[in-house]
Each structure stands twice: as C-alpha cells, then as structure tokens.
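Inside the fold
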Amino acid sequence: MPSDNQRLALLPVGRTGPRDRPSLLLTGGSGVLGRALIDELSADFDLLCLRRDTPLRDPRVRELQGDLGAPRLGLSPLAWHELALEVDVVLHAAAETDWRTPPQDITRTDLRGADNMLDLAARADAPLYLVSTAFVAHTPTEEERRCFPGAAACLDSRARAEQMTREAGVPGAIVRPSVVLGDSVSGRTTGQQGLTETIGSMVLGQAPVLPGTPGSRIDMVPQDYVSRAIGDLVRGGVADGEYWLTAGKEAIGLREFADVCADVAVRHGLPRPRRPRFVPVDAVHRLLLPMLAGTSLPASLRRRLEYCAELLPVFQRELPFDTSLGERDCGTRLTRTDLRAALVRNAESWAADRAGLLTRNRTAAAAALEVAS
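From a predicted model like this one, the values you see are computed outputs, not experimental measurements.

Here the focus is the overall build of the protein. The number of helices and strands found in the protein is 13 helices and 13 strands. Going through the 373 residues of the protein one by one, you find that 50% of them count as buried. For the protein, restricting intrachain contacts to residue pairs at least 6 apart in sequence, the fraction spanning at least 24 positions comes to 77%.

As a further point, take the pattern of salt bridges. Per the counting criterion, the structure on display carries 26 salt bridges. Close ionic contact of Asp105 with Arg108 constitutes a salt bridge, the shortest N to O distance being 2.4 Å. Linking Asp105 with Arg108, this pair stays in helix α3 (residues 103-124), spanning three residues, or about one helical turn. A relative accessible area of 24% means that Asp105 is categorised as partly exposed. A salt bridge links Arg275 to Asp259; its shortest N-O distance comes to 2.8 Å. Here Arg275 is found in the loop between α8 (254-267) and β13 (277-279), whereas its partner Asp259 is found in helix α8, with 16 residues between them in sequence. With a relative accessible area of 37%, Arg275 lands in the partly exposed category. On the basis of relative accessibility, which here comes to 22%, the residue Asp259 falls in the partly exposed class.

A word on the side chain of Asp224. Relative to the assigned elements, Asp224 resides in helix α7 (residues 223-235). For Asp224, a relative accessible area of 12% gives the class buried. Among the polar contacts made by the side chain of Asp224, one reaches the side chain of Ser184 at a distance of 2.6 Å. Excluding residues that lie within four positions of it along the chain, Asp224 makes contacts with Gly182, Asp183 and Ser184.

Between α3 and helix α5 (residues 149-168), the least distance of the axes is 9 Å, while the angle of their chain directions is 20 degrees. On the basis of their axis angle, the class for α3 and α5 is roughly parallel. Judged by the twist between their axes, the crossing of α3 over α5 is right-handed. Only Pro149, Gly150, Ala153, Cys154, Ser157, Arg158, Arg160, Ala161, Met164, Thr165 and Ala168 of α5 make contact with α3, whose side of the interface consists of Pro103, Ile106, Thr107, Asp110, Leu111, Ala114, Asp115 and Leu118. Here the contact of α3 with α5 is built from residues that sort into eleven nonpolar, four polar and four charged.

Here we take up the nonpolar core. Formed by 66 residues in total, the largest nonpolar core has its most connected members in Leu24, Leu91, Ile199, Ile230, Leu245 and Phe257. With seven residues, the single largest contributor to this core is α8. Those residues in contact with Leu91, other than ones at most four positions away along the chain, are Leu24, Leu25, Leu26, Thr27, Leu37, Leu41, Tyr129, Val131 and Ile230. Membership of the second largest hydrophobic core comes to 27 residues, among which are Leu48, Leu120, Ala121 and Ala161.

The subject of this paragraph is the sheet that holds strand β5 (residues 128-131). Taken in spatial order, the seven strands of this open sheet run β3-β2-β1-β4-β5-β6-β11, and their pairing is parallel. The two strands at the open ends of the sheet, each matched to only one other strand, are β3 (61-65) and β11 (242-245). The mean inter-strand angle of the sheet, taken between neighbouring strand axes irrespective of direction, is 20 degrees. Across five bridges, the pairing between strand β2 (residues 46-51) and β3 is parallel. Note that in β3 the partner of Leu47 across the bridge is Val61.

Residues of β5 alternate between two faces, with Leu128 and Leu130 on one and Tyr129 and Val131 on the opposite face, all of them buried. Assessed by its sense of winding, the connection that carries the chain from strand β4 (residues 89-92) through α3 to β5 is right-handed. In this structure, β5 lies alongside strand β6 (residues 172-177), joined through four bridges in parallel fashion. Pairing of Val131 across the sheet is with Val175, part of β6.

Inspection of every chain in the model, using the stated rule, returns two aromatic pairs. Ring centres of Phe135 and Phe321 lie 5.3 Å apart, and the angle between their planes is 85 degrees; on these two criteria the pair is classed as edge-to-face. On the criterion of sequence distance, the pair formed by Phe135 in the loop between β5 and α4 (142-147) and Phe321 in the loop between α11 (312-315) and α12 (336-352) is long-range, its members being 186 residues apart. Residue classification places Phe321 among the buried positions, given a relative accessible area of 7%. An angle of 20 degrees between the planes, with centres 6.2 Å apart, marks the rings of Trp244 and Phe321 as stacked. You can see Trp244 sitting in strand β11 and its partner Phe321 sitting in the loop between α11 and α12, a full 77 residues away along the chain. Residue class for Trp244 comes out buried when judged on its relative accessible area of 17%. Site record: aromatic cluster; members linked through ring pairs are Phe135, Trp244 and Phe321. The residue whose ring lies beneath Arg176 is Trp244, and the NZ or CZ to ring-centre distance is 4.5 Å. Directly above the aromatic system of Tyr225 lies the positively charged group of Arg228, at a separation of 5.3 Å from the ring centroid.

Conventions we followed
Residues numbered from 1 in each chain as written. Predicted model: local features only at pLDDT ≥ 70, side-chain atom pairs only at ≥ 80, totals over all residues. Heavy atoms only, no water. Helix = DSSP H or I, 4+ residues; strand = E, 2+ residues; numbered from the N terminus. Buried < 20%, exposed > 50% of the residue type's maximum accessible area, 1.4 Å probe, protein only. Contact = heavy atoms within 4.5 Å. Salt bridge = Lys/Arg side-chain N within 4 Å of Asp/Glu carboxyl O. Polar contact = N/O pair within 3.5 Å; in protein donor to acceptor, adjacent residues only side chain to side chain. Axes fitted to C-alpha atoms, helices over the stretch in contact; angles between N-to-C directions. Parallel < 35°, antiparallel > 145°, perpendicular 65-115°, else oblique. Left-handed = near helix turned anticlockwise from the far one by under 90°. Nonpolar A, V, L, I, M, F, W, Y, C, P; charged D, E, K, R; others polar. Core = buried A, V, L, I, M, F, W, Y, C linked by side-chain atoms within 4.5 Å. Pairing = 2+ DSSP bridges. Right-handed = clockwise from strand over helix to strand, strands pointing away. Phe/Tyr/Trp six-rings, centres within 6.5 Å; stacked < 30°, edge-to-face > 60°. Lys NZ or Arg CZ within 6 Å of the ring centre and 35° of its normal.

Distances and angles like these do not, on their own, reveal function.
Written as structure tokens, this is what we have:
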C-alpha cells in the first residue's frame, strides 16, 4: 500500500519547555493489552493515548482524538507537526482484531496505521515499538485464506506492518505476543476476547470440538507478563530487535487446558463437562467446514462450531514458538506452573462475573438429572 505520508517532509524544530517525564504516544489503549500497558507505563511516562470515538476516561492519560487510518490521523498539518514536537516514544499497539471485518478493511486500517506511526516517529526523532503477533511465524495456506479470510488478512497485515517497520529505519523494536490471557494474579481482562469466550464455553460444556490433537498446545501469555516485557524494552531504550513474548516450550496442552476449565466448572457446582473432541486440521477442512455449509444445524450450535473453526489458525500450529521473555530488558520467563495458575485465575474470574448464568445452568442440569432419574 503506497504511503499517504511523505517521510520527514516537515521536521520538528525542537522540544518546547521542560518536562518531568518523557511523553509516550500509545495506540490501542482501550484494548486488552492497552489497558495493561497503561498500568505498566503510567508511572514513568506522560501518556498520550490515541482514540477514535469512545473515551478512555482514565485520569492517568491524556487523550488524542483521531483516526488511525486517516492521513496524519485526521489531524491538521499544524496539529500533526505539534504532535511530533511533543512525542518522545511511540508505542503502536492498535490493530484490527475482529476477524469478521472485511479483509480489505483490515488491511487498510492496519497498514495505514503503521504508516502513520512510522511517519510520526521519524518526524519526532522518537523510537517506535510495534506490537505485532507471534502468529506471523506462520503464513496462511490458500485453503485457510479461502475459509478464514479475516484471520488471514490479520496475519498478512501484521507481517506487512513488520516489513514496513524494518524498512523505515526508525529505531525501536518489534514485539510479538502470542494469545494474550487476562492478568496472572486477578484473572481480569478488559472486554471480551476470543480466549475468554473459549474458556467460558468449555466451563459450560458448550465446546463440542476444538481444532487440534490432544498433544497440541496453545501458546498464551498473561497480559501483565506481556506489558511488563514491553515496559522493560521501552524503559531500557532498546533501539532494535524482534522479541517473542510467548510461553515457548512451557505452552499448555489442549488436554490440560480443557481439564482446567472442567475443574472450574465442578468447583462452581456444574456437572463436569465432557472433554471436547479434538479435531485435527485435515478433519476440520474435510468434515467440519462442509457440515457448517449445510445450514441444517440449530443456530446456537452452528455459531459455536463456526467459532471453533475460526480458532484453527491459532490453535492448530507447530509449537513451540521461540521466546524472548526473561532476556535482558524483556520481562520474566514463564513456567508451566505460572501458566496453569494464570489460566485457573482467568477461568475463575470469568465464572465470578457470571453468577446468574452459572445459576441457570446449574438449575437446568439439576432438572435434566431429575427427569433422567
């Protein structure tokens, strides 16, 4: 995609006035990782968060209203120039994550956003830290592009944004988280995300299948581990490199993942869910997807199966990834025990927020048992 910006056509003339802390522009501050990054960085930086419509309403940040995909973020030339004068660090964590968005819109938003942030960093003479994804390690197959166009567009646009960053020559680093789990201590997360939905479906026994084999693993990292690693890189002034923020060889297997969710269900008075059937990649393409095309299934079951199929590009992968966690200026390495404990807390947090739903399911299960007896 051609750039809408002419690199360094207008240079900042210098910082204006003394400041107690450096200024950091953060994109994606309202997202799952963005909120954790605000927690991590607010003590050390004057945070300026780009947002389009919904205010963050966080007293620790100043907000800049703009459009990530518009030239100069939709700002006037003067406001764009003044922004470059102010910013000391750019942390670009925003990207289109809804796989149901039209692929062309995903590509346009992600690439224009990366181009704008690179242009701003160059004008500001500021390092840029690009938050990508570990799943760029895998190029979607043609069949995946046909079956999961939104997911494929997300992966392709992240890979192209990385290439733009490498070619721009702006100092900074590329970071690649895997699946971001909620907080490792509280289990809390901002908003709803795919992994949270999967945990909930498995606790309720509503996940009949999962893409993968019993030996497959899902690489996930708690949001506080990811934000701490990014914070260390930024505070350490790391000016180059690519960092994998992943569980690596400690990634949890799908069987263990399912058993943790089943244990949480039992602790909350639900019947122990039947373990999902693990469907290998060839069976997903050969059996599950053609079945979904038939439209004869109940709508609720169809939606659950469609969601399971969409997880294929994430779950059905050759693991483990590399990991940079625990390296100098890059957070703390995870152990399998850490990951299991974080998963339990995330599942417990999901259950605690849905007491009414769990009560209805307990009542329904008891009624079904009474009828059966």
